[in-house]
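Each chain is listed here by its residues.
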Amino acid sequence: MRTRGAIGVVAAMALVAMGGAACGGSDDDGGVPGAPLPFVRVTSYPARPTINLPLYRDERFVVWSTEASDDGGATTRSLNGGQRFTQVSPLEVGASFAVALDANTGRQPLVVWDFKGNQFFPIGAGTETVPVKQWVSLAGSPSYTLFAITGQTPNVWRSGPSWTALPLPVAGERPQLLAAAGRRIVAVSQTGVIYVLEADGAAFVAAPGVKLVGAPSTAVPLTDGRVALTTIGQPDRLYLFDPALGTLTAPRDLPIGAGEARVVACRDGQLATDGRISKDGGATWEDPLRGAFANLLKHGPWKQEIACSGDRVFVTHNRGGFQGSGYVFEVARDGTWQPPSDAVPSRSGEIVEARLAGDEVVVFTPYPHVFDGKTWKVRDLPGLPVVSRTGVWHAYPYDDQRRHLVSRDRGATWIEGEATHDGKPGANSGNLRATFTAGAGDEIWAVSGDEVRLFNAVGTRLEFDLLRSPDGAAFRLVAESTYEQQLVAHGSTTFGRRLDVVGVTPSSTVVTSSQIAYDGRTLTNLPLAQNEAAAAVFEDGKILTEQPVNTANGNVLTMHVRDVAGLNGTTFVPTVDGKTFANPVAVIGIDAQRRVWIHCGTDLCRSPGPL
């Protein structure tokens, strides 16, 4: 894989209008050498989805944090006054909702939101909005009843014509947690005592003989009528309370790193915390994701979290500090995943890695997909594959390039083994991530090496190794190259050549962006023009090069098809929608019909015919 094959799609395409002398193909300073060649937009890349889970959903109403719908989500409207909801519950069926407004504090105003008028009113006639720490609701007819706690008073408050105080029966006890379980309200005090209120009851009653140990953290109702209760301590713990029987299970330790001992309730009575899920009430915890791509993320610097909405389970992966680096998976009961179908697409800062794999195009970000000429389909891949000339797919996961995976069915199944270089573990011989290229037959070539700070601390030296493997597993050193860059007051000076293999011919001739090795090891310079660089290699050994040319209309990218020595050939100007490129593009490959495939913005483009 060429290092410049992964590019930001926002910056991938600098197009300028083509007209006047630029179309004439003249060779003077004001013209462009070569005739225009219109490339075809084949398809758009799959977008990285970002999930926007609703706070409330029924057959008619869907409410998100900043918008709402009364037709099942077909159309939406923004909330009045730019308000943002943090919690939503129906109050009067089909007419109004109780909502907590985001006040950027631990206590939020709790108000009535009239859906039709998109207006907000206090709850309870003649009262101010109530700042609450937590609130829950119980269904009634025709209205819901709300129960709220402030965290500062000894009362649970019940809504009605006005707020009614329901103090806990023990002096000094303050409610810290609330949960609605069936037709009962469960409250937990700051000391861990558990209280229960029947829906129509007048007072809370302490559950006899049960108490939490540790600081109460969360109370989550489960589908079986029980309530999951967690405490912060050493360790953090989970309890299951049955309000109908008044029983409390023995505490179970939460996984280390659960984050303030918080859990969420998921489908089938499952619990989730810290990116793991439990199907047995917290006795055991497991990762809900399965597959090669999920295993790759587990080795990387990703934070995994789980969100549940109704009968759906979502796993998110985020990498702090990297724009556009998150993933959202919707996980089925068997652990298989798909990108959520109703997610909000986002291309912000997107990085696209793509490669031709026979007659298919494979992209590895944002998700591994394969384009078969008609549609993109998710395929569970452990890395961006390198396809040998015999059709075998090889993958070297970037998290650990000691691993080598092989697929003989286009990535449907993988066999894992080990990659080595000169008898040492790993396909990379230094601290640089290796890049890979198919050679003759089953050969796979790799470029690896070390990045070293120069002794005077004003530059960098890159020491490259060119490795060859007959089968993609056991690599041997065949050549070395050094590239040295020194930063000085008036710019930079460079020594040597970067080693970036752009292709290997069927006869094992190695071509880099500026050099060629006919014997696979002795690199000599290609006779290319200024600013010209090799970009890809045809099966017959011819070389595709790119060269930005300065014209009266600014920079215009030209491409050349040259013979194996880098001489002679034809010249053309790639265009898309009548516009030229200003800078080199990322060439992702040349197919069996000799068509050239390139990145063009958020789309995948190719030449209209063979070159």
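So, a few notes on the structure that sits alongside this text. (Residues numbered from 1 in each chain as written. Predicted model: local features only at pLDDT ≥ 70, side-chain atom pairs only at ≥ 80, totals over all residues. Heavy atoms only, no water.)

### Re the environment of Arg 158
Put simply, the test is: Helical segments are the DSSP runs of H or I of at least four residues, strand segments are the runs of E of at least two, and each set is numbered from the N terminus. Type-normalised accessible area, obtained with a 1.4 Å probe on protein chains alone, sets the label of each residue: buried when under 20%, exposed when over 50%, and partly exposed for intermediate values. In this analysis, two residues are considered to be in contact whenever any of their non-hydrogen atoms come within 4.5 Å of each other. Here a polar contact means two N or O atoms within 3.5 Å. Within protein one must be a hydrogen donor candidate and the other an acceptor candidate, and residues neighboring in sequence count only if both atoms are side-chain atoms.
Relative to the helices and strands, Arg 158 is located in strand β17 (residues 155-158). Relative accessible area serves as the criterion here: at 18%, Arg 158 is assigned to the buried category. Taking the C-alpha atoms as reference points, Arg 158 and Ser 137, separated by 21 residues in sequence, lie 9.5 Å from one another. Excluding its chain neighbours within four sequence positions, the residues that come into contact with Arg 158 are Thr 145, Leu 146, Phe 147, Trp 163, Thr 164, Leu 166, Leu 197, Ala 199 and Gly 201. For Arg 158, the side chain forms a polar contact with the main-chain oxygen of Gly 201, separated by 3.1 Å.

### As for the pattern of salt bridges
Basically, it comes down to this: Criterion for a salt bridge: a side-chain nitrogen of Lys or Arg within 4 Å of a carboxyl oxygen of Asp or Glu.
Considering all chains together, one arrives at 22 salt bridges under this definition. For Arg 41, the salt bridge is made with Asp 577, and the minimal N-O distance between the two is 2.8 Å. In this pair, Arg 41 is assigned in strand β4 (residues 40-44) and Asp 577 in the loop between β58 (570-576) and β59 (579-581), connecting sequence segments 536 residues apart. The exposure class of Asp 577 is exposed, given its relative accessible area of 58%. Among the salt bridges present, the one from Arg 403 reaches Glu 416, with a minimum N-O distance of 2.8 Å. Linking Arg 403 in strand β42 (residues 403-407) with Glu 416 in strand β43 (residues 415-418), this pair joins segments that are 13 residues apart in sequence. Here the residues in one salt-bridge network are Asp 359, Glu 360, Arg 379 and Arg 410, joined through shared partners.

### Here we look at the state of the cysteines
Applicable threshold: Note on terminology: disulfide denotes any pair of cysteine sulfur atoms within 2.5 Å.
Applying the stated criterion across every chain yields a total of two disulfides. One disulfide bridge connects Cys 266 with Cys 308, the sulfur atoms lying 1.8 Å from each other. Here the S-S torsion is close to 65 degrees, and the disulfide linking Cys 266 with Cys 308 is therefore right-handed. With Cys 266 in the loop between β28 (264-265) and β29 (271-273) and Cys 308 in strand β31 (residues 303-309), the pair connects residues that are 42 residues apart, well separated along the chain. Shown here for the protein chain is a disulfide pattern of 1-2, 3-4, where each number marks a bonded cysteine counted in sequence order.

### Structural notes on the sheet that holds strand β61 (residues 596-600)
Heads up, the rule is: A pair of strands is treated as paired once DSSP finds two or more bridges between them. Here, axes are lines fitted to C-alpha atoms. For helices the fit covers the stretch in contact, and angles between N-to-C directions go from 0 to 180 degrees.
Read across the sheet, four strands follow the order β4-β62-β61-β60 without closing on themselves; strand pairing throughout is antiparallel. What marks the edges here is a single partner per strand, and that holds for β4 and β60 (587-590). Sheet twist, expressed as the mean angle between neighbouring strand axes with direction ignored, is 25 degrees.

### Let's talk about the pairing of strand β56 (residues 543-551)
Of all nine residues in β56, eight are buried; the element is thus mostly enclosed. Following strand β55 (residues 533-537), the chain reverses through five residues before pairing antiparallel with β56; Gly 541 in that reversal takes a positive phi of roughly 95 degrees. Where β56 meets strand β57 (residues 554-562), nine bridges bridge the pair, whose relative direction is antiparallel. Within the sheet, the bridge partner assigned to Thr 545 lies in β57 and is His 560. Between β56 and β57, which follow one another and run antiparallel, lie two residues.

### Let's talk about the sheet that holds strand β40 (residues 386-387)
The strand order β40-β41-β42-β43 describes an open sheet built from four strands, whose pairing is antiparallel. Single-partner strands in this sheet number two, and they are β40 and β43. One ladder, built from three bridges, connects strand β41 (residues 393-395) with β42; its direction is antiparallel. Looking at the pairing, Trp 393 lines up with Ser 407 of β42.

### As for the nonpolar core
Going by this rule: The definition of a nonpolar core used throughout is a set of buried Ala, Val, Leu, Ile, Met, Phe, Trp, Tyr and Cys residues joined through side-chain atoms within 4.5 Å.
Core analysis: the largest hydrophobic core is formed by 29 residues, its most contacted members being Leu 289, Phe 293, Ile 306, Phe 329, Val 362, Tyr 367 and Trp 393. Secondary-structure elements contributing two or more residues to this core are α1 (292-298), β32 (312-318), β33 (327-331) and β41. In this structure, Leu 37, Leu 544, Val 576 and Cys 600 belong to the second largest nonpolar core, which totals 18 residues.

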